[in-house]
Amino acid sequence: MLIFHIIAGSFVLLFGFGVLCFSKGQSKHRVAGNLFFVSLLAMVLSVPNLLEDPVMAILSAYYGTTAWAIVLRKEKSTGFFEIVAMISIAIISVILFNVVLTSTSLTPTFKFILSAWAIVTALSALLDFNMIVRGGLSGKHRIARHAWRTCCALLGAVMSFSVNTDEYWPDFVNSNIFIYLTIGVLVFWVFRILLTKWFEKSINTFRSNMSIKVIFRK
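(A) Region of interest: the overall build of the chain. Each helix and strand in the chain was counted, giving 8 helices and 0 strands. Seen in sequence order, the chain has helices and strands lined up from the N terminus as α-α-α-α-α-α-α-α. Looking at the chain residue by residue over its 218 residues, the buried ones come to 37%. Sequence-distant contacts in the chain: of pairs separated by 6 or more residues, those separated by 24 or more amount to 70%. Of the roughly 13,200 Å² that the chain leaves accessible, carbon and sulfur atoms contribute 70%.

(B) Region of interest: the packing of helix α4 (residues 80–102) against helix α5 (residues 108–134). Direction vectors running N to C along α4 and α5 enclose 155 degrees, while the axes themselves pass 8 Å from each other. On the basis of their axis angle, the class for α4 and α5 is roughly antiparallel. Between α4 and α5 lies a crossing of left-handed hand. Taken together, the residues of the contact of α4 with α5 sort by class into 19 nonpolar, 4 polar and 3 charged.

(C) Here's a closer look at the packing of aromatic side chains. For the structure shown, the criterion picks out 6 aromatic pairs. Measuring from centroid to centroid gives 4.1 Å for F37 and W68, while their planes differ by 15 degrees, and the two rings are stacked. Pair noted here: F37 is in helix α2 (residues 27–45) and W68 is in helix α3 (residues 55–72), with a separation of 31 residues, a long-range link. In this structure an aromatic cluster arises from ring pairing among Y62, Y63, W117 and W148.

(D) Highlighting the nonpolar core. Among the nonpolar cores identified, the biggest contains 44 residues, and F36, Y63, L96, W117 and L154 are the most heavily contacted of them. Residue assignment for this core shows that the elements contributing at least two residues are α1 (2–21), α2, α3, α4, α5, α6 (139–164) and α7 (177–195). Counting residues per element, this core draws most heavily on α6, which supplies 11 residues. Apart from residues lying up to four places away in sequence, L154 is in contact with V12, L13, G16, F17, L20, F36 and T182.

(E) Quick peek at the environment of V12. With respect to the element layout, V12 can be found in helix α1. Sequence separation between V12 and L35 is 23 residues, and the spatial gap between their C-alpha atoms is 8.1 Å. With residues up to four places along the chain from it excluded, the contact list for V12 reads F36, S39, L40, M43, L154 and A157.

(F) Representation of the side chain of E82. Position of E82 among the secondary structure elements: in helix α4. Under the relative-accessibility criterion, E82 is labelled buried at 6%. Among the polar contacts made by the side chain of E82, one reaches the side chain of R73 at a distance of 2.8 Å. Those residues in contact with E82 that lie beyond four places of it in its chain are R73, M131 and I132.

(G) Summary view of α5. When the terminal C-alpha atoms of α5 are compared, their 39 Å separation across 27 residues agrees well with the 39 Å that a helix rising 1.5 Å per residue should span. Within α5, the full set of buried residues consists of L114, W117, A118, T121, S124, A125, D128 and M131. Directly after α5, the chain includes G135, whose backbone phi takes a positive value near 80 degrees.

Each value, and the rule that gives it
- Residues numbered from 1 in each chain as written.
- Predicted model: local features only at pLDDT ≥ 70, side-chain atom pairs only at ≥ 80, totals over all residues.
- Heavy atoms only, no water.
- Helix = DSSP H or I, 4+ residues; strand = E, 2+ residues; numbered from the N terminus.
- Buried < 20%, exposed > 50% of the residue type's maximum accessible area, 1.4 Å probe, protein only.
- Contact = heavy atoms within 4.5 Å.
- Areas by Shrake-Rupley, 256 points an atom, 1.4 Å probe, with all protein chains shown as cover.
- Axes fitted to C-alpha atoms, helices over the stretch in contact; angles between N-to-C directions.
- Parallel < 35°, antiparallel > 145°, perpendicular 65-115°, else oblique.
- Left-handed = near helix turned anticlockwise from the far one by under 90°.
- Nonpolar A, V, L, I, M, F, W, Y, C, P; charged D, E, K, R; others polar.
- Phe/Tyr/Trp six-rings, centres within 6.5 Å; stacked < 30°, edge-to-face > 60°.
- Core = buried A, V, L, I, M, F, W, Y, C linked by side-chain atoms within 4.5 Å.
- Polar contact = N/O pair within 3.5 Å; in protein donor to acceptor, adjacent residues only side chain to side chain.
- Expected span 1.5 Å × (residues − 1).

Here it is in structure tokens:
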């Protein structure tokens, strides 16, 4: 099971960074995204001692499935899945905050990481609640949700990779480089989608290409 978990995790990293490299909306991006999602589920389900400590596995599955689901649903629509996802991540947030506030054996670094995840999961639950109340998302907000949740799912795998391979990296290489890279990409895409005209230009280009294809088919 451990070997299968490592293989699945390797594919998560491969297809995850592939998703980030390919342009949004291209067939390569969609294929890489689907393979990333399948690999992520395989990695989560093969986590050693999954039943004993399911928190991080549920965390990765939550971000992966909600990122995938938002592009499958029509704009301005939600369902039972989103409610279950919101409740699940809210519970995970409470668990993480409880560990941070009550545990006395955490190192400062690990406590900081858990605190950051606790805050992010609480924010995720609030955003889920907001989306459900509004009846779904559309436009750039829908794409932003897909982008940052995909990055969060990838970040969990990258952090696990960094921790478990730290001793194998040369001294002059920071083993956390991929963590910083993933966080940087996450921030970049959220700002680019929400605060620039990139989204509108991409939509217009997509519509123009579709119009050209229709003309040639005729």
